[in-house]
Amino acid sequence: MSSHDAATEAAAASDKRRWIALAIVMTAAFMDLVDATIVNIAIPSIEKDLGASFGAIQWITAGYALAFAAGLITGGRLGDIYGRKRLFLLGTAGFTLASALCGFAANQEMLVGSRLLQGAAAAMMVPQVLSIIHVTFPAHERGKVFGMFGAIIGLGAVSGPLLGALLTQWNIAGLEWRPIFLINLPVGVAALILGRKFITESKAPKALKLDMVGVLLVTTALLMLVYPLTRGRELDWPLWGHLMMAGSLLVFGALVAYEKYKTKKDGSPLVELSLFKVKSFAAGIAVQLTFGVVLGIFFLVWTLYMQIGLGWTPLHAGLTGVPFSIAVSVAAGMSVQKLVPRFGRKVLQAGALTMIAGILLYVFVTGRYGTGIHSWQMIAPLVVMGLGMGLIVAPLTDAVLSEVPKEHAGSASGLINTTGQMGNALGLGLVSVVFFGTIDDEKLAKAPGEVGAAFTDAFQNSLGWAAGVLAVIFLVMFALPAKPKQHLEGGGDDEVVADGTAKEPVLTY
């Protein structure tokens with residue numbers, strides 16, 4: 001470590017304000033995580049209150065993921081160029097404003113538009129979180145800080161559905177589902193006021209240029225793929241929908257061609273294509289994408305099944321999910337701290353197989369008990385699924401990044417996050433096919449009493465698809481490195497690479 005780096009580390013260690021800054025950025029990260037999960041549990045209430053169509057319901061969830069995915073890499077690069085504190089505060093302000101618009105939405109169109117804005121604002125806010133942590137804390141403290149950050153991520157994932165259930169069930173001031181968004185307002189305002197005072201500004205010494213053409217191409221390609229999926233069933237799968245989905249492949253091809261040109265022109269592409277020559281990274285991106293699809297499908301259809309199919313209240317559904325959330329948290333902690341260092345990628349593969357076992361058990365249980373099923377009868381499959389998911393989500397990013405060259409670590413991290421959100425949006429879009437595609441609307445209109453049975457069948461069909469995708473994920477995981485390298489997440493002394501420069505810890509979210 002150079003004398004300049006040592007002086008920087010010493011200055012960071014002596015700055016007492018860094019812990020307040022940490023609390024602020026972690027609160028913002030928690031707010032985003034909760035918001036991504038809190039909506040699902042309130043979807044049936046939103047549908048009833050606004051008269052939202054099933055297509056609009058998918059867009060309320062998928063729109064956020066899509067806008068978030070499209071803006072993540074650009075958000076990180078804007079922070080490098082114009083200052084991470086500035087972009088964090090701007091993103092937080094936008095997120096808070098969009099939350100207010102969601103909370104006061106008068107119709108489904110306004111809510112979908114506000115969710116798109118919320119996702120775009122999150123894409124500016126979230127990438128700055130770990131960058132701010134990285135420049136605020138010295139290397140010897142980062143392990144502890146990243147451990148705290150992981151705990152916050154777990155807490156956000158666990159508390160989101162339950163908090164959403166409580167806020168919806170309580171019907172505060174007769175606002176029904178709206179407090180799930182309005183709760184962000186005081187948190188966002190506090191983060192803005194304290195962030196201005198306690199967060200230290202920082203920029204990248206050699207920030208790359210923006211690639212707005214790349215952003216436009218990837219956003220267009222995603223919209224052309226996801227929009228027909230969400231609207232197709234309602235419109236009886238028109239020809240233009242199929243043409244749009246086929247055309248998205250051409251736009252993705254154009255993106256690859258342009259990124260090659262951009263690399264040669266000024267070396268600042270949105271997507272660093274050379275990363276895909278690293279086998280473990282290419283395989284990891286495929287795992288991240290398809291795992292995102294699984295999660296996008298499962299969480300939405302699970303909510304619809306419990307609340308509309310079984311007629312459960314939001315609180316009943318939210319409490320039913322608690323064993324799942326706890327299992328995810330427990331397995332995630334064990335996988336990173338004890339299992340992965342010893343067994344490597346086998347832990348992730350065991351996670352995929354465990355999730356498949358949980359899904360098949362869930363199919364069996366729902367088939368056996370039908371619409372008379374109770375929450376306690378779901379505990380076993382949910383715990384098994386949660387354990388499997390925890391074994392995958394926590395160590396996956398490190399496994400994907402372990403063979404990525406140091407100079408491309410930031411770009412690779414952004415791609416992983418973006419791919420996960422893309423997969424989530426795609427999975428939400430596919431709900432039209434795997435869930436709603438099995439429901440006969442005309443039959444239900446004539447026999448409303450059959451809703452429970454129809455939704456149970458649709459849920460089982462969706463679980464079957466999820467299990468199939470997980471089987472593919474298990475096979476692709478063979479291309480991941482047997483054991484992740486030691487330089488991840490600041491987990492050791494800085495390495496020195498061939499050119500004599502220090503290898504920075506990889507920052508991911």
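Described in the following lines is the structure provided in the data block.

1. Here we look at empty space enclosed by the protein
- This model, assessed by the stated rule, comprises two cavities of 30 Å³ or more.
- Reported here for the second largest cavity is a volume of approximately 40 Å³.
- Lining the second largest cavity, in full, are I73, T74, R77, L210, D211, M212, V215 and L270.
- Looking at the lining of the second largest cavity, the elements with two or more residues in it are helix 3 (54-82) and helix 9 (212-232).
- For the lining of the second largest cavity, the element with the highest residue contribution is helix 3, accounting for three residues.

2. Here's the deal with the nonpolar core
- Membership of the largest hydrophobic core comes to 99 residues, with the highest contact counts inside it found for L111, F281, Y362, F435 and F459.
- Once residues within four sequence positions are removed from consideration, L111 is found in contact with I46, L50, I60, C102, A105, W177 and F181.
- Judged by nonpolar contacts, the second largest core, of 29 residues, contains M31, L72, F88 and M125.

3. A closer look at the pattern of salt bridges
- Overall, the coordinates contain four salt bridges when judged by the stated rule.
- Note that R115 and D35 form a salt bridge whose closest N and O atoms lie 2.9 Å from each other. With R115 in helix 5 (residues 108-136) and D35 in helix 2 (residues 18-50), the pair connects residues that are 80 residues apart, well separated along the chain. With respect to burial, R115 and D35 carry one shared label: buried.
- The salt bridge involving D80 is made with R84; its shortest N-O contact spans 3.0 Å.

4. Focus: helix 11 (residues 279-309)
- Given a rise of 1.5 Å per residue, 31 residues ought to cover 45 Å, and the 43 Å separating the end C-alpha atoms of helix 11 matches this to within 8%.
- Summarising burial for helix 11: 24 of the 31 residues are buried, a large majority.
- Phi for G311, located one or two positions after helix 11, is positive at around 75 degrees.

Quick notes on the rules
Residues numbered from 1 in each chain as written. Predicted model: local features only at pLDDT ≥ 70, side-chain atom pairs only at ≥ 80, totals over all residues. Heavy atoms only, no water. 1 Å grid on protein atoms, 1.4 Å probe; cavity = no way out; pocket = protein on both sides within 12 Å on 5 of 7 lines; lining within 4 Å. Points joined across faces, edges and corners; volume = space filled by probe spheres on them. Helix = DSSP H or I, 4+ residues; strand = E, 2+ residues; numbered from the N terminus. Core = buried A, V, L, I, M, F, W, Y, C linked by side-chain atoms within 4.5 Å. Buried < 20%, exposed > 50% of the residue type's maximum accessible area, 1.4 Å probe, protein only. Contact = heavy atoms within 4.5 Å. Salt bridge = Lys/Arg side-chain N within 4 Å of Asp/Glu carboxyl O. Expected span 1.5 Å × (residues − 1).

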